[in-house]
Amino acid sequence: MWRYIFVSLFFVISLVTQSQGTEENINSQSRVSKLDSLQGKPNWSPHELKVGMNLLGVGITAFNPSVTHYELQGMLAMHHLIVVMDVGREIRDRGSTYQYRNEGNYFRLGGDWNFIKTKKAGNLFSLGLRYAQAFFSDRLAYTSDDGFGTVDYLYANNKLRARWAEVDLSIRGQMVANLYMGFTLRWQILRKVKGEGELQTFDVPGFGNTKRPNSTAFDYYVAWRIPLLKKKRKTR
Amino acid sequence: MKYLVCFLFFGLVWGCRDIENCDADTNQDFFVLSFYDLETTAAKKVAFEISAQGRVFGEGDYAYSADSTSVSLPLNPESNQVTFTLDSPGVAVVESLVLSYEKKVSLFDPDCPPSLYYEAIDTVFHTFDSLTLPGRITNSQIETNVAVYFR
């Protein structure tokens, strides 16, 4: 419980500091052209693409030899709507008296609604939904005497499939030029795993461990913004 | 400031791990066999020497005494069926109990050893006067898995 209190508390603090930076960017552009504003008649043409990667996964991979986690993200913005897709791969080893390995790929696909009115700065404060799937396998090996002599156990699930849904809260702020950073807070629900045999899987790539059917997660991203709308040339 | 907050964020999320007590795992790798009198249905003291596949139980993790009315016995993890022989010393009575089951293994917590348990326990054959299956899963919250009744 304390873990969630601390996470919520620092999420709020981080939200305030991030939004202060976002607000400064907004206020510095007091005259916003109709093209740049998200108010007025909606223009559903895609106006930017952000391509990024999960920095938290990179950090964990760098400092934890038992975990390999890479994730790429694309965010396509159309008016207030952001279409988001994540693809990732995760390999995780556990155990000292046993050996458990879980590896596989996952994706998330969904949409966010950006509550920031102006699009020129490219900042993001959004709430959205995701549908996610993981395709993975796991294996457990250990030795034990369970009443009928010492046995070397080897269990494996070769074709596991999991699906879940997410409610995501995202913030991306402009750091410099077209470089953006920010986090996503996830509430993961409706998890279901198929393909288990004797071994009950412990990890789901992209979701986390299976100790609870629902979970929360936090990810931090860095992204590069690619504007898609051409600026109108001023005619003399 | 915001970078400091972000670093603190990482630290707290990473530091606040759930710490599990392995003893809280309710899965068990053995089943509980209880004995009852057929006519009175009262609990009956164990009067058998129990063995399976050449192993005699009654010591160590599977110890029981003459005053016990139930015993904890393992199921063979390398098979989905096991045959128990229950021999009454001094009496020419040998009972048999053949059980079938499904084996499962899970990780209660990464810091705990793998948790082996059984489910779908069923009887294939028995020589007792009567038998019931109050609990088909080996779990510490289930008092008795197999109840046998005899005179």
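Summary of the structure given here. On a predicted model such as this, the values are computed, not experimentally measured, just so you know.

1. Considerations on the overall build of chain A
Next, step 1: Of the regular secondary structure elements, chain A holds two helices and ten strands.
Next, step 2: Going from N to C terminus, chain A has its helices and strands arranged as α-β-α-β-β-β-β-β-β-β-β-β.
Next, step 3: Classification of the 236 residues of chain A by burial places 47% in the buried group.
Next, step 4: Within chain A, counting contacts between residues at least 6 apart in sequence, those at least 24 apart form 65% of the total.
Next, step 5: Here chain A has roughly 12600 Å² of accessible surface; of this, 59% comes from carbon and sulfur atoms.

2. Some words on unusual backbone geometry
All names here are of chain A.
Next, step 1: Its identity is not glycine, yet alanine 177 carries a phi of approximately 50 degrees, on the positive side.
Next, step 2: Within the secondary structure, alanine 177 sits in the loop between strand 6 (150-176) and strand 7 (179-194).
Next, step 3: For leucine 190, which is not a glycine, the phi torsion comes out positive at approximately 60 degrees.
Next, step 4: Checked against the element boundaries, leucine 190 lands in strand 7.
Next, step 5: Assessed through its relative accessible area of 56%, leucine 190 is described here as exposed.

3. Notes on the sheet that holds strand 6 of chain A
Think of a sheet as strands paired side by side through backbone hydrogen bonds, with each pair either parallel or antiparallel.
Residues and elements named next belong to chain A.
Next, step 1: One closed barrel holds the eight strands; their spatial order is 1-2-3-4-5-6-7-10, and the pairing between them is antiparallel. Pairwise comparison of adjacent strand axes, ignoring direction, gives a mean angle of 25 degrees for this sheet.
Next, step 2: As defined by bridge partners, strand 7 adjoins strand 10 (residues 215-227) across ten bridges and the pair is classed as antiparallel. Along strand 10, the bridge assignment pairs leucine 179 with tryptophan 224.
Next, step 3: Across the sheet, helix 2 (residues 55-63) is in contact with strand 1 (46-54), strand 2 (67-78), strand 7 and strand 10; its angle to strand 2 comes to roughly 170 degrees.

4. Concerning the environment of glutamate 119 of chain B
Next, step 1: One can find glutamate 119 of chain B in strand 7 (residues 115-126).
Next, step 2: In this view, glutamate 119 of chain B contacts Tyr101, Glu102, Lys104, Arg136 and Ile137 of chain B; residues no more than four positions away in its chain are not counted.

5. Quick notes on the side chain of asparagine 145 of chain B
All names here are of chain B.
Next, step 1: Along the chain, asparagine 145 falls in the loop between strand 8 (130-132) and strand 9 (146-150).
Next, step 2: From its side chain, asparagine 145 meets the backbone nitrogen of valine 32 in a polar contact 2.9 Å long.
Next, step 3: For asparagine 145, the side chain forms a polar contact with the main-chain oxygen of glycine 135, separated by 2.9 Å.
Next, step 4: Leaving out residues up to four positions away in the same chain, asparagine 145 has contacts with Phe31, Val32, Ile121, Thr132, Leu133, Pro134, Gly135, Arg136, Ile137 and Thr138.

6. Looking at the side chain of asparagine 114 of chain A
Residues and elements named next belong to chain A.
Next, step 1: Mapping asparagine 114 onto the fold places it in strand 4 (residues 99-114).
Next, step 2: Given the relative accessible area of 6%, asparagine 114 is considered buried.
Next, step 3: Polar contacts involving the side chain of asparagine 114 include one to the main-chain amide nitrogen of phenylalanine 125, which spans 3.1 Å.
Next, step 4: Every residue in contact with asparagine 114, bar those within four places of it in the chain, is listed here: His80, Ile82, Asn123, Leu124, Phe125 and Ser126.

7. A few points about the state of the cysteines
Residues and elements named next belong to chain B.
Next, step 1: A complete count under the given rule lists one disulfide over all chains for this structure.
Next, step 2: Between the sulfur of cysteine 22 and that of cysteine 112 lies a disulfide, 1.9 Å long from S to S. Looking along the S-S bond of the cysteine 22-cysteine 112 disulfide, the torsion reads about -95 degrees, which is the left-handed sense. Here cysteine 112 lies in the loop between strand 6 (94-106) and strand 7 and cysteine 22 lies in the loop between helix 1 (2-15) and strand 1 (30-37), a separation of 90 residues in the sequence.
Next, step 3: What makes cysteine 112 buried here is its relative accessible area of 4%.

8. Describing the environment of asparagine 102 of chain A
Residue and element names in this part refer to chain A.
Next, step 1: Here asparagine 102 is to be found in strand 4.
Next, step 2: When the C-alpha atoms of asparagine 102 and asparagine 157 are compared, they prove to be 9.5 Å apart, with 55 residues separating the residues in sequence.
Next, step 3: The residues contacting asparagine 102, other than those within four sequence positions of it, are Glu90, Ile91, Arg92, Phe136, Ser137, Asp138, Thr201, Asp203 and Pro205.
Next, step 4: Of the polar contacts made by the side chain of asparagine 102, one reaches the side chain of threonine 201; its length is 3.5 Å.
Next, step 5: A polar contact of 2.8 Å, which involves the side chain of asparagine 102, links it to the backbone oxygen of aspartate 203.

9. Focus on the pattern of salt bridges
Next, step 1: Summed over the entire model, instances satisfying the criterion amount to 24 salt bridges over all chains.
Next, step 2: Between arginine 101 of chain A and glutamate 103 of chain A there is a salt bridge whose closest N-O contact spans 3.9 Å.
Next, step 3: Of the charged contacts, one joins aspartate 129 of chain B and arginine 151 of chain B as a salt bridge, the two residues approaching to 3.7 Å between their closest N and O atoms. Of this pair, aspartate 129 of chain B sits in the loop between strand 7 and strand 8 while arginine 151 of chain B sits in the segment after strand 9, and the two are 22 residues apart along the sequence.
Next, step 4: Owing to a relative accessible area of 42%, aspartate 129 of chain B belongs among the partly exposed residues under this scheme.
Next, step 5: For arginine 151 of chain B, a relative accessible area of 62% gives the class exposed.

10. Quick look at the nonpolar core
Next, step 1: In terms of nonpolar packing, the biggest core is built from 40 residues, with Leu33, Phe35, Ile50 and Phe84 of chain B touching the most fellow members.
Next, step 2: At four residues, strand 6 of chain B tops the list of elements feeding residues into this core.
Next, step 3: Setting aside chain neighbours within four positions, we find isoleucine 50 of chain B in contact with Phe35, Arg55, Val56, Phe57, Tyr64, Val71, Leu73, Phe84, Thr85 and Leu86 of chain B.
Next, step 4: Counting eleven residues, the second largest nonpolar core, distinct from the first, contains Leu56, Ile60, Phe183 and Leu185 of chain A.

Criteria and thresholds
Residues numbered from 1 in each chain as written. Chains lettered and ligands numbered in written order. Predicted model: local features only at pLDDT ≥ 70, side-chain atom pairs only at ≥ 80, totals over all residues. Heavy atoms only, no water. Helix = DSSP H or I, 4+ residues; strand = E, 2+ residues; numbered from the N terminus. Buried < 20%, exposed > 50% of the residue type's maximum accessible area, 1.4 Å probe, protein only. Contact = heavy atoms within 4.5 Å. Areas by Shrake-Rupley, 256 points an atom, 1.4 Å probe, with all protein chains shown as cover. Pairing = 2+ DSSP bridges. Axes fitted to C-alpha atoms, helices over the stretch in contact; angles between N-to-C directions. Polar contact = N/O pair within 3.5 Å; in protein donor to acceptor, adjacent residues only side chain to side chain. Disulfide = S-S within 2.5 Å. Salt bridge = Lys/Arg side-chain N within 4 Å of Asp/Glu carboxyl O. Core = buried A, V, L, I, M, F, W, Y, C linked by side-chain atoms within 4.5 Å.

Geometry only, nothing functional implied.
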